[in-house]
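Coordinates in review
In case you want the letters, here they are:
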Amino acid sequence: MNTRNPSFATLWLVLLSAAMADAFGVVSDDVKVDVKVEVNNGGDPNLPHYFPPGIVQTQDPLQQFQEIGRCFTATDKRFQPWSGRFMIAGDDSYRFKTGIVSTCTLDRNPFDCEIVLDHYVQQGNRIRVTDGLGQYFITEAQLQIVKDDMVATLNVALDSLFADYQDLVAKVEVACAKALHMPVDELRARLEEKLMDHKDVTFRELLMLPLPIERSDLVPHTLHLGCNPRMRVLGVTWLNAGVVYYNPQARIMDYVMDSPGVLKHELAHNVSKLQEWPLTGAFDAELLASVNEMLLPKDKVSLFYHSYAEDLRELMLVFFGYDVQQAYDEIVISNQGGALIVNSDKYREHFGKLEELKVELRKHINENVLPEFYGNLPYWLSLNHRVGDDSTVFRVIARAHYYPTLLGGAEATMVWVNEHKPEIMADTRAVFDEMGRDSGQPVWIRVSSGRYQPPPALKRLYEVLFSAEERERIAAYVAQHHEVVDEIINKNDEELMQWLRALLMKGEVR
Amino acid sequence: MKTQQRSRRIVVCLFVLILAGCGWRPKLMDRFTARGYTEKQKLIAFYEAHTLFLEDEGDGKVQRVAYWRLKPGDIRKEFDEMAQDYENILSYTNKELTHYVDSVPGMRDAMTHKENVILAMRARALNAELYPKFLQLTGSTPSYDVLAEKQLGYDPAKVFGSKDLRTDFRYEVPALTEARENGTLQLAGETTHSTHQKFGKKKPDPDNPDDSNAYIWIEVRQDLKLRFWKIGHDAQPEDNKPDLIEGFRLVDGNEESLPALKIFFVNASSYNQDGVVVLDKDRDGDPGFGLPDFVEKMFVGDVVHDSRLMAMLFEDKRDKFRVPPKRQGMMIEIAKVGEKVFDGWITSQDHDGWPMPKGYVNEQKTNYNIKLVFEPTKDPNAKSRRIKYVRKEWTAGKSTTQPSVGRVVEYFEPKPPYNELLADARIDFRESTKRLMITRIDGSEERLIVMPGVNNIIGDKPMLVDYTAGPKRYRLRRTEGSEVFNQRKVISNMLGRKTGDYFSTDDELDSGGSTSPHHQGGPDSDYLDIPLNFHL
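Residues numbered from 1 in each chain as written. Chains lettered and ligands numbered in written order. Predicted model: local features only at pLDDT ≥ 70, side-chain atom pairs only at ≥ 80, totals over all residues. Heavy atoms only, no water.

**Overview of the overall build of chain B**
- Within chain B, the regular secondary structure consists of twelve helices and 20 strands.
- Considering only contacts in chain B between residues 6 or more positions apart, those separated by 24 or more positions represent 57%.
- With the model as given, the accessible surface of chain B reaches about 27800 Å², and the carbon-plus-sulfur share is 51%. (Helix = DSSP H or I, 4+ residues; strand = E, 2+ residues; numbered from the N terminus. Contact = heavy atoms within 4.5 Å. Areas by Shrake-Rupley, 256 points an atom, 1.4 Å probe, with all protein chains shown as cover.)

Put into structure tokens, the structure is as follows:
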């Protein structure tokens, strides 16, 4: 979501469940159920009490999807109450220090990460829990299981994300040095120098290069296990503040996958060295946070269904030929009022094909896209702005490394591309120039009162399209009709050339 | 968390819509559709369009990013937006953003520092935009258009490679530099321009950022010293036109360390006063000071009367107004009607009471109209009324409709027997605005002129005085036993505006709008009483 709003920028919307409902009809939210909550009713007593009984961990794509769908259906009312009500989270809720150091906030001050179990309130030796289906007591032992599970899950997510990020800054510096035409060692030697004209600003800051990432930078200041009653979200991060909410439904989903993807996604938002508000409004922060979540081998769901992965699916289509829509059409045999009949074999076949592509794409993004993006942030943010697309780096760098294959393989596609390249690039330049007119770039340069010089590209185009004799006639006309100057400098290149040609054709220019 | 004000949300939504509506993807797709491409071909073409930002590294295999496709202006514009984002977040104008930033220790300081970084980056991008323009305008490079497009494009090394822009990019003209070095640049004159306005600019009240009608006045000082330089030793030059003007902002009488304004008259002919203007909006000590924000060739006449230049030189600096709102404690009070009266009267601490307005009475003390104020009556059918006050409405000179200075109105109590119940009382204003016509209960009539000074009709001293001073209108009164006007209150500015108007009254605003049962007149009648029930 392209916004500089600290809340909107960070929502990990629970579109997954909506997508699942839409695709497979496994969720029905409207049925009135008189539920009597039983704590761990027949479930594994070593699992958190809020897990649905009989919950299954699976890496089979169809089963994983089915299990998550069932778990969401079973827990929607409980953990996504969507009441519109305000609740005070954490005031008297059970909270504890984890002993895990956090340096995620902008001031980098170390803090012992705290976990808050929202609306778990100690009453004597019992803990009263409130959720969307009621209030009930759990024991100290059950509380301990929830606490242990949260700390363990946090550590797994931290380790996984740190493995993705720990070498990133070194790669970023290499990419930056290349753009600066400078040996990387020379760049590194200069990075902490202060500028002379802004003495509190370092060269690293000037280049928008992140500081090396430590594991503690990923750790939230405060991690809530709870719901946000006015948002349907699995998780949400308050940028720059180090506050992360992790919905119990998300914990259930992560358990089914045996990989804390949702928490990892939120922790990626939490790294202020990489996702600092309000700069997050100038790029697709959700896509960046999704890469090391949705492309993980254990996540068999998100890449196919989640809205944040839309650009990833398009890259797979253009460059690898994987068509999600075609796969979906082949998987679904019949839609019976929202309950879908699917071809299990096709499902497993299509999802099986994804695995190799996920590995390739994730490697490409971590090795090529992220270093280039963070190594030249001023450029990519400006390009996003100029062309009105917050994911340009993904498209440009993909094209730099891969041939498109969509039109029947790379060879056939490139035959078509080569045939049409001149017209494609003519259109591209025209649109790019048109959008640049709003960017304040100096198109026509005023050299003195009433005298302007065209930009070099336009001048060259003019010289190609019009003969010397025609140019003389046009110059003479403009000299006599000074009122047309404003009209000329405000036309885009294509319009101007057509206008000048029409002028010659009409015979007004003699 | 609702993190932002509604206005900001709207801005955000618009921003997204603008991106969606104006991004290059739909424009390109439209063109590709027009070329007859299929959906798949259009998608391929869209991705192929991105090769615009790539170039061959030379071996025909590896592609690298062609950063030069963007212009420094593109980079500067992005940083303009970022700087505005930080301004919106840190300026205390948005309550919810302020709460968010201040809810986390250290966030404001860190974001303020980041804002400085953004401003330093913006200064570099702007410099990359302006410096080539300066060289071209001053003729230091042969011509802008002979430079290759690539050279004019964004180069990270050129834009961000400098450690000190002020030494690496000198906005100087060789001829002037040379003259300065060899001592042939002479000071041809200097002048100082100063303006001071206590109420210079109206700004939103920082203590009430959500109230669009709350404001504060900001004092404005514009002090500028101009120096005029001329090249040459000649004691008697052909003309007195300068080759360079330097302008220094003055702060508490002291010049800033670097000129905020330079105007180069290089290659200027005697009939052409176009100068190359180099202007720095930043103040000494602020990020970006010493680097221009504006370079343009323009006609230059009198600098201090050029509103555009002066406005840029003394543009508001955001930091000065970045003041946290005062947090006032909540005052809880229960005030029951009837237990106490809150009538707005303030008692003067001075023995002489509140000062009276001055200068509204002419020498003969005759510049007034008379109007009447009646005692309130509860009976709408009452056949008689009592005059409560005779009102002297002071006018300007001989006019009966132009108010005096301060729109002064005095209220006198009638003397007996005019304070008794009357069948009717009117002002015979067509005859004279000082003529009173009364009808007694027994039916006898009397016509009287309310004369200046002591007379038989009204008391010697007014009981009340209304007047306007500055933006406010006041009422003075004497409490029982007081010889001076010891109490004052602010009244509506709408009162006292209908001088000499006997067809309507603005005092109805104060009287609760009740009308007199004796009201016999109207716009067409010859006589009109003033239908007031006057509550004090």
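Following the structure, the description resumes.
**Some points on the overall build of chain A**
- Regarding its fold elements, chain A presents 21 helices and 13 strands.
- Taken over 510 residues, chain A has a buried fraction of 59%.
- Surface summary for chain A: the accessible area is close to 20500 Å², and the carbon and sulfur share equals 52%. (Buried < 20%, exposed > 50% of the residue type's maximum accessible area, 1.4 Å probe, protein only.)

**Some details on the side chain of D217 of chain A**
All names here are of chain A.
- With respect to the helices and strands, the residue D217 is situated in helix α7 (residues 215-218).
- The buried category is assigned to D217, whose relative accessible area is 3%.
- If we skip the residues at most four places from it in the chain, D217 touches T103, C104, P212, N270, V271 and K273.

**Observations concerning the interface of chain A and chain B**
- In this assembly, 98 residues from chain A lie in contact with 96 residues from chain B.
- Remark: the boundary between chain A and chain B carries eight salt bridges.
- The salt bridge partner of E276 of chain A is K114 of chain B, with a shortest N-O separation of 3.6 Å.
- Applying the counting rule to chain A against chain B returns 19 residue pairs in polar contact (both at pLDDT 80 or more). (Salt bridge = Lys/Arg side-chain N within 4 Å of Asp/Glu carboxyl O. Polar contact = N/O pair within 3.5 Å; in protein donor to acceptor, adjacent residues only side chain to side chain.)

**Re the environment of K95 of chain B**
Residue and element names in this part refer to chain B.
- You can see K95 is positioned in helix α5 (residues 95-102).
- K95 gets classed as partly exposed once you look at its relative accessible area, which sits at 42%.
- Along the sequence, K95 and D210 sit 115 residues apart, while their C-alpha atoms lie 7.4 Å from each other.

**With respect to the pairing of strand β18 (residues 464-469) of chain B**
All names here are of chain B.
- The buried fraction of β18 amounts to five of the six residues, a majority that puts the element mostly inside the structure.
- Pairing of β18 with strand β19 (residues 472-477), which is carried by six bridges, proceeds in the antiparallel orientation. Considered in β19, the bridge of D466 is made with R475.
- Adjacent in sequence and paired antiparallel, β18 and β19 are bridged by two residues, among which G470 carries a positive phi angle near 65°. (Pairing = 2+ DSSP bridges.)

**What about the sheet that holds strand β6 (residues 134-138) of chain A?**
Residue and element names in this part refer to chain A.
- Strands sit in the order β4-β5-β6 across an open sheet of three strands; the sheet is antiparallel. Strands with a single pairing partner mark the edges of an open sheet, and in this sheet they are β4 (120-123) and β6. With strand direction ignored, the average angle separating the axes of adjacent strands in the sheet is 30°.
- Bridge count between β4 and strand β5 (residues 126-131): four bridges; the pairing is antiparallel. Within β5, the position partnered with Q122 by the bridge is I127. (Axes fitted to C-alpha atoms, helices over the stretch in contact; angles between N-to-C directions.)

**Overview of the sheet that holds strand β17 (residues 445-449) of chain B**
Residues and elements named next belong to chain B.
- Read from one edge to the other, the open sheet built from three strands follows the order β15-β16-β17, with strand pairing classed as antiparallel. In the strand order of this sheet, the two ends are held by β15 (424-427) and β17, each with one partner. Across this sheet, the average inter-strand angle for adjacent strands is 15°, counted without regard to direction.
- The sheet contact formed by β15 and strand β16 (residues 435-439) spans four bridges and is antiparallel. Residue R426 lies in a different strand from β16, and its bridge partner there is M437.

**Comments concerning unusual backbone geometry**
- Residues W277 of chain A and P278 of chain A are joined by a peptide bond in cis, for which omega reads 10°.
- Locating P278 of chain A in the fold gives a position in the loop between α9 (261-270) and α10 (285-294).
- Between P416 of chain B and the following residue, P417 of chain B, the backbone shows a cis peptide bond with an omega angle of 10°.
- Position of P417 of chain B relative to the elements: it lies in the loop between β13 (409-412) and β14 (421-422).
- The phi dihedral of H181 of chain A falls on the positive side, at around 55°, and the residue is not glycine.

**Describing the nonpolar core**
- Ranked by internal contacts, the top residues of the largest apolar core, which has 176 residues, are Y120, L187 and Y374 of chain A together with W24 of chain B.
- Those residues within four positions of Y374 of chain A in sequence are excluded, and the remaining contacts are L168, V172, M208, L209, P210, L274, Q275, F283 and L288 of chain A.
- Core analysis: the second largest hydrophobic core is formed by 28 residues, W354, Y360, I427 and Y474 of chain B among them. (Core = buried A, V, L, I, M, F, W, Y, C linked by side-chain atoms within 4.5 Å.)

**Describing helix α15 (residues 377-387) of chain A**
Residue and element names in this part refer to chain A.
- In terms of burial, α15 is largely enclosed, as ten of its eleven residues are buried.
- If you check which residues of α15 are buried, you get L377, P378, Y379, W380, L381, S382, L383, N384, R386 and V387.
- Backbone geometry just after α15 places G388 at a positive phi near 65°.

**Considering the packing of helix α14 (residues 344-375) of chain A against α15 of chain A**
Residue and element names in this part refer to chain A.
- Where α14 meets α15, the closest approach of the two axes is 5 Å, and the angle between their N-to-C directions is 95°. The angle between α14 and α15 places the two elements in the roughly perpendicular class. Of α15, the residues touching α14 (which contributes E372, F373, Y374 and G375) are L377, W380 and L381. (Parallel < 35°, antiparallel > 145°, perpendicular 65-115°, else oblique.)

**Some thoughts on the packing of α10 of chain A against α14 of chain A**
Residues and elements named next belong to chain A.
- Here α10 crosses α14 at 145°, and the two axes come no closer than 10 Å. As α10 packs across α14, the resulting crossing turns out to be left-handed. Residue-level inspection shows L288, V291, N292 and M294 of α10 in contact with α14, the latter providing K358, R362, I365, N366, L370, F373 and Y374.
- The class makeup of the residues in the contact of α10 with α14 is seven nonpolar, two polar and two charged. (Left-handed = near helix turned anticlockwise from the far one by under 90°. Nonpolar A, V, L, I, M, F, W, Y, C, P; charged D, E, K, R; others polar.)

**Here we look at the pattern of salt bridges**
- All told, the structure shown has 56 salt bridges over all chains when counted by the stated rule.
- Among the ionic pairs, R249 of chain B bridges to E256 of chain B, the shortest N-O distance being 3.0 Å. Like R249 of chain B, the residue E256 of chain B is buried in the burial classification.
- Among the ionic contacts, a cluster of salt bridges with common partners joins D311, E314, D389 and R395 of chain A together with R25 of chain B.

**Quick notes on the confidence of the model for chain B**
Residues and elements named next belong to chain B.
- A residue-level look at chain B finds 86% of positions with pLDDT of 70 or above and a mean pLDDT of 82.
- Taken element by element, chain B is modelled with least confidence in helix α1 (residues 6-22), mean pLDDT 31, and with most confidence in helix α3 (residues 39-49), mean pLDDT 98.
- A low-confidence stretch, residues 1-21 stays under pLDDT 50, and its non-local contacts, those more than four residues away or across chains, total 44 contacts.
- Confidence drops under a pLDDT of 50 for residues 508-536, and excluding neighbours within four residues, the segment shows 92 contacts in the predicted structure. (pLDDT = per-residue confidence, 0-100.)

**Points about the environment of P471 of chain B**
Residue and element names in this part refer to chain B.
- Inspection of the secondary structure puts P471 in the loop between β18 and β19.
- Overall, P471 belongs to the exposed group, its relative accessible area being 68%.
- Distance from P471 to E315, taken between C-alpha atoms, is 29 Å for residues 156 residues apart in sequence.

**Some points on the side chain of D155 of chain B**
- Positionally, D155 of chain B belongs in the loop between α7 (149-152) and α8 (156-160).
- With no salt bridge to any partner, buried D155 of chain B finds its closest opposite charge in K158 of chain B, at an N-O distance of 4.7 Å.
- Polar side-chain contacts of D155 of chain B include one of 2.9 Å to the backbone nitrogen of A157 of chain B.
- The residues contacting D155 of chain B, other than those within four sequence positions of it, are A179 and H181 of chain A. (Lys, Arg positive; Asp, Glu negative; His and termini not counted.)

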